[in-house]
Amino acid sequence: MKPGNLFYIRCQFLTDEFFMVGNCLERFPFFYLISGKDVKMKKVLFTSESVTEGHPDKICDKISDAILDEILAQDPMSRVACETFATTGVITVMGEITTNAKYDVQKIVRETVGEIGYDRAKYGFDCTTCAVLSSIHEQSADIALGVDKCLEAKEGELTDDLNTGAGDQGLMFGYACDETPELMPLPISLAHKLAKRLTEVRKNGKLNYLRPDGKTQVTVEYVDGVPTRVDTIVISSQHSAEIDSQTIRKDIIEQVILPVVPTSLMDGKVNIYVNPTGRFVIGGPQGDTGLTGRKIIVDTYGGYSRHGGGAFSGKDPTKVDRSASYAARYVAKNIVKAGLAKKCEVQIAYAIGIAAPVSVMIDTFGTAVCDEEKISQAVSSLVDLRPAAIINRFDLRKPIYKQLAAYGHMGREELGVKWEDCDIADELRRICLG
């Protein structure tokens, strides 16, 4: 067998000789063993989910980010950590906010819930009649001490004006791969597109019996690390009580699935489940309690990459949970766009009150075309990962966050967010490959 661009590892196992052949050493070990002429292809299924903006958790994310946007529009230097809780007939906004902005929590909450589509009681939730409670106080002065001026500046180690400290300790991950044009994993990319389409056909009236709450899920079959087909699609959508399940299934296949999922990935064996319980009339906060930050895997890479645990919504960019996750995505995406690796994961970690990251890790899972240390050095020379530098690079003090609260924060090239730019890819390639 000719290995082409693969590699051989000859190994001895007891008395039998095998050769291991694979494209790369990856987290998901897509390898096959060769014993004589026998070749076994490695197949795995990987699943990611998304939810619509009417899902109870996403309602809360969107409210939190709507409040953040209103505050940043008036006072870009505000400190915001805003959480939202939603249940039957009640929305509660909580958190720590220090700002000079004047904002009306009641107005923002009702407008946001109405825009999502909960504007009448028969949908199970009504923006005009729900109770809105607020419990907000200022950010801790102890936290502000470290954010306003980092430890390095206090000790005279920094002399520039990028001297704010990280708003908390923590670790953040970014990821990119060459499976889709936006350099996202295919399962989460398709799940988001289906969720967006589900909302689109509801709002434009094509399927006017749909209601705001909904979930999507896509299972992709990988063969030796390459996505080859869609194995399973699950879509659950809230709907009016009058419509029957057969009509919903037919319409969602025709109006949601077929316009989104490429026919090249669909075959006669794909499993499609639409509202598999048979009924989804009670939804939104009436059917399930919602909370900000409870869809962090939906917000990122659908489980395909690791996650540090921190949520995004309702947090101003001094919170590295948000800003450093965007920076990590930017670095990973530019590495893949540069052709330096087929996939890349970046971890950045911080200590509260300190500007410089305590660690930066780049992992290409064996797909790099040059030494990973060289890639890391090139990134260090091109990207300043101090919180203030990240905020400046991506212009994060603007009201851009409400639009990100549903359908993912990564891969959103259509929104023009700057962490999706590939503006250092050429320079990375030049430094690493000459």
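What counts and how
- Counting restarts for each chain: residues are numbered from 1 in the order of the written sequence.
- Totals for whole chains, interfaces and linings use all residues, but because this is a predicted model, local features are given only for residues with pLDDT of at least 70 and pairs of side-chain atoms are given and counted only at 80 or more.
- Water and hydrogen atoms were dropped before computing side-chain values, which therefore reflect all heavy atoms in the structure.
- To get an axis, a line is fitted to the C-alpha atoms, and for a helix only the part in contact is used. The angle between two axes follows their N-to-C directions and goes from 0 to 180 degrees.
- Elements are defined by DSSP. Helices are runs of H or I of four residues or more, strands are runs of E of two residues or more, and each kind is numbered from the N terminus.
- Geometric relationships in this document are graded by angle, where less than 35 degrees denotes roughly parallel, more than 145 denotes roughly antiparallel, 65 to 115 denotes roughly perpendicular, and other angles denote oblique.
- Each helix crossing is assigned a hand: it is left-handed if the near helix lies turned anticlockwise from the far helix by less than a right angle, otherwise right-handed if that turn is clockwise.
- In this description, contact between two residues means that some pair of their heavy atoms is separated by no more than 4.5 Å.
- In the scheme used here, Gly and all other residues not listed as nonpolar or charged are polar, with Ala, Val, Leu, Ile, Met, Phe, Trp, Tyr, Cys and Pro taken as nonpolar and Asp, Glu, Lys and Arg as charged.
- A strand pair is defined by DSSP finding two or more bridges across the two strands.
- Ring geometry is summarised as follows: Phe, Tyr and Trp rings, the Trp one being its six-membered ring, pair when their centres sit within 6.5 Å, and such pairs are stacked at plane angles under 30 degrees, edge-to-face over 60 and tilted between the two.
- Buried, partly exposed and exposed residues are distinguished by accessible area as a fraction of the type maximum, computed with a 1.4 Å probe on protein chains only: under 20%, between the cut-offs, and over 50%, respectively.
- The term nonpolar core refers to a set of buried residues drawn from Ala, Val, Leu, Ile, Met, Phe, Trp, Tyr and Cys, joined through side-chain atoms within 4.5 Å.
- Buried and open spaces are told apart on a 1 Å grid over the protein atoms alone, a cavity being a set of points where a 1.4 Å probe fits but cannot get out and a pocket being an open set with protein on both sides within 12 Å along at least five of seven lines. Residues with an atom within 4 Å of a point are the lining residues.
- Grid points are joined across faces, edges and corners, and a volume is the space filled by probe spheres set on the points.
- With the strands aimed away from the viewer, a crossover counts as right-handed if its path from the first strand over the helix to the second runs clockwise.
- Within this document, salt bridges are pairs made up of a side-chain nitrogen of Lys or Arg and a carboxyl oxygen of Asp or Glu, the two lying within 4 Å of each other.

**Regarding the packing of helix α5 (residues 186-203) against helix α6 (residues 245-260)**
Okay, so step 1: Between α5 and α6, whose axes approach to 9 Å, the crossing angle comes to 140°. Comparing their axes, α6 and α5 come out oblique. Read as a crossing pair, α5 and α6 show a hand that is right-handed. Judged by residue contacts, Leu 190, Lys 193, Leu 194, Arg 197, Leu 198 and Val 201 of α5 engage Ile 252, Gln 255, Val 256, Ile 257, Pro 259 and Val 260 from α6.
Okay, so step 2: Broken down by class, the residue content of the contact of α5 with α6 amounts to nine nonpolar, one polar and two charged.

**Brief notes about the sheet that holds strand β13 (residues 226-239)**
Okay, so step 1: Across the sheet, four strands lie side by side as β5-β12-β13-β14; this open sheet has mixed pairing. The sheet is open, and its two edges are formed by β5 (43-51) and β14 (271-274), each paired on a single side. Between one strand axis and the next, the sheet turns by 15° as a mean value, whatever way the strands run.
Okay, so step 2: Here β13 runs beside β14; their pairing, made up of four bridges, is parallel. Looking at the pairing, Thr 232 lines up with Asn 271 of β14.
Okay, so step 3: Sheet strands in contact with α6 are β13 and β14, and its direction is about 115° off that of β14.

**Points about the packing of aromatic side chains**
Each aromatic ring pair is described using two quantities: the centre-to-centre distance and the angle formed by the ring planes.
Okay, so step 1: Enumeration over the complete set of coordinates arrives at nine aromatic pairs.
Okay, so step 2: With 6.4 Å between their ring centres and 50° between their planes, Tyr 175 and Phe 365 make a pair best called tilted. Taken together, the residues Tyr 175 in strand β11 (residues 170-177) and Phe 365 in the loop between β17 (359-363) and α10 (372-382) connect sequence positions 190 residues apart.
Okay, so step 3: Given a relative accessible area of 6%, Phe 365 falls into the buried group.
Okay, so step 4: Taken together, the ring pairs in this structure connect Phe 46, Tyr 175, Tyr 222, Tyr 301, Tyr 304 and Phe 365 into an aromatic cluster.

**Examining the nonpolar core**
Okay, so step 1: In this structure, Ile 335 and Trp 419 are the most contacted members of the largest nonpolar core, which totals 103 residues.
Okay, so step 2: If you tally residues by element for this core, the top one is helix α9 (residues 320-337), at 10 residues.

**A word on unusual backbone geometry**
For residues that are not glycine, phi is negative in most cases, and the peptide bond is trans in most cases.
Okay, so step 1: The backbone of Asp 224 sits at a positive phi, close to 50°, despite the residue not being glycine.
Okay, so step 2: With respect to the helices, strands and loops of the structure, Asp 224 is situated in the loop between β12 (210-223) and β13.
Okay, so step 3: Although it is not a glycine, Asn 275 sits at a positive phi angle of roughly 45°.
Okay, so step 4: By the element assignment, Asn 275 lies in the loop between β14 and α7 (284-287).
Okay, so step 5: On the accessibility criterion, Asn 275 (7% relative accessible area) is buried.

**Some thoughts on empty space enclosed by the protein**
Okay, so step 1: The tally for this structure, following the rule as stated, stands at three cavities of 30 Å³ or more.
Okay, so step 2: In this model, the largest cavity occupies a volume close to 70 Å³.
Okay, so step 3: Met 172, Phe 173, His 307, Gly 308 and Ser 325 are, among the 13 residues lining the largest cavity, the residues nearest its centre.
Okay, so step 4: Of all the secondary structure elements, the ones that give two or more residues to the lining of the largest cavity are β11 and α9.
Okay, so step 5: The element best represented in the lining of the largest cavity is β11, accounting for three residues.
Okay, so step 6: When the residues that make up the lining of the largest cavity are grouped by side-chain class, the tally is five nonpolar, six polar and two charged.

**Digging into the pairing of β13**
Okay, so step 1: The element β13 is largely enclosed, with a buried count of 12 among its 14 residues.
Okay, so step 2: As defined by bridge partners, β12 adjoins β13 across 11 bridges and the pair is classed as antiparallel. Bridging from a neighbouring strand, Glu 221 pairs with Arg 229 of β13.
Okay, so step 3: Where β12 folds back on β13, the antiparallel hairpin that results is connected by two residues, among which Asp 224 adopts a positive phi of roughly 50°.
Okay, so step 4: Crossover handedness for the path β13 to α6 to β14: right-handed.

**Focus on the sheet that holds strand β10 (residues 131-137)**
Okay, so step 1: Ordered in space as β10-β7-β6-β15, the four strands form an open sheet in which the pairing is mixed. Each having just a single partner strand, β10 and β15 (290-291) make up the two edges of the open sheet.
Okay, so step 2: Each of β6 (79-87), β7 (90-98) and β15 is contacted by helix α1 (residues 56-74), which is oriented at about 150° to β6, the strand it contacts most.

**Section: the pattern of salt bridges**
When charged atoms on two side chains of opposite charge get close, those side chains can pair.
Okay, so step 1: Evaluation of the coordinates by the stated rule reveals 30 salt bridges.
Okay, so step 2: Residue Glu 414 is joined to Lys 196 by a salt bridge in which the shortest nitrogen-to-oxygen separation is 3.2 Å. One end of the pair, Glu 414, is in the loop between α11 (387-394) and α12 (425-433); the other, Lys 196, is in helix α5, with 218 residues separating them in the sequence.
Okay, so step 3: Classification of Lys 196 as partly exposed rests on a relative accessible area of 32%.
Okay, so step 4: The salt bridge partner of Asp 426 is Arg 429, with a shortest N-O separation of 3.0 Å. Linking Asp 426 with Arg 429, this pair stays in helix α12, spanning three residues, or about one helical turn.

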